[in-house]
Amino acid sequence: MKDGCLVVQVADDGCGMTPEKLEEVQREVAGDLGQISEGGFGLPNIQKRIQLAYGADYGIHVSSRLGCGTRVTLQIPAKS
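So, a few notes on the structure that sits alongside this text. (Residues numbered from 1 in each chain as written. Predicted model: local features only at pLDDT ≥ 70, side-chain atom pairs only at ≥ 80, totals over all residues. Heavy atoms only, no water.)

1. Quick notes on helix H1 (residues 19–29)
Burial in H1 covers these residues: Leu22, Val25, Glu28 and Val29. Looking down the long axis of H1, one finds its buried residues gathered within 125 degrees of arc, a one-sided arrangement. Exposed side of H1, more than 90 degrees from the buried face: Pro19 and Glu20 are the residues found there. If you follow the buried residues of H1, they end up packed against helix H2 (42–54) and strand S2 (59–65). Immediately downstream of H1, the backbone of Gly31 shows phi near 80 degrees, a positive value. (Buried < 20%, exposed > 50% of the residue type's maximum accessible area, 1.4 Å probe, protein only. Helix = DSSP H or I, 4+ residues; strand = E, 2+ residues; numbered from the N terminus. Arc of directions from axis to C-beta. Contact = heavy atoms within 4.5 Å.)

Written as structure tokens, this is what we have:
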């Protein structure tokens with residue numbers, strides 16, 4: 001829980017992504033690519049559904065550093 005939101009993070013300590021690949025993944029999650037790449041439909045569909053339900057302030061964020069790993073953060077409003 002953080003600021004009234006449920007925040008779930010999944011991280012690994014793998015090889016991470018190049019800045020170019022990370023930018024591609026972030027654009028794909030945001031729905032900014034005209035065509036889905038090898039990553040598939042999963043993350044963009046989840047992002048779209050979360051933002052339709054809760055607004056643009058919520059959803060998925062992907063961060064990564066080459067040689068350090070990748071972190072995917074999901075944020076939605078908490079309900080009591």
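2. Observations concerning unusual backbone geometry
Of note in the backbone geometry, Asp3 takes a positive phi value of approximately 50 degrees without being a glycine. Here Asp3 shows up in the segment before strand S1 (5–11). With a relative accessible area of 73%, Asp3 lands in the exposed category.

3. Some words on the side chain of Gln47
Along the chain, Gln47 falls in helix H2. Here Gln47 falls in the buried class, since its relative accessible area comes to 8%. Ignoring any residue separated from it by four or fewer positions in sequence, one finds Gln47 in contact with Val29, Tyr58, Gly59 and Ile60.

Bear in mind that shape data such as this cannot, by itself, settle questions of function.
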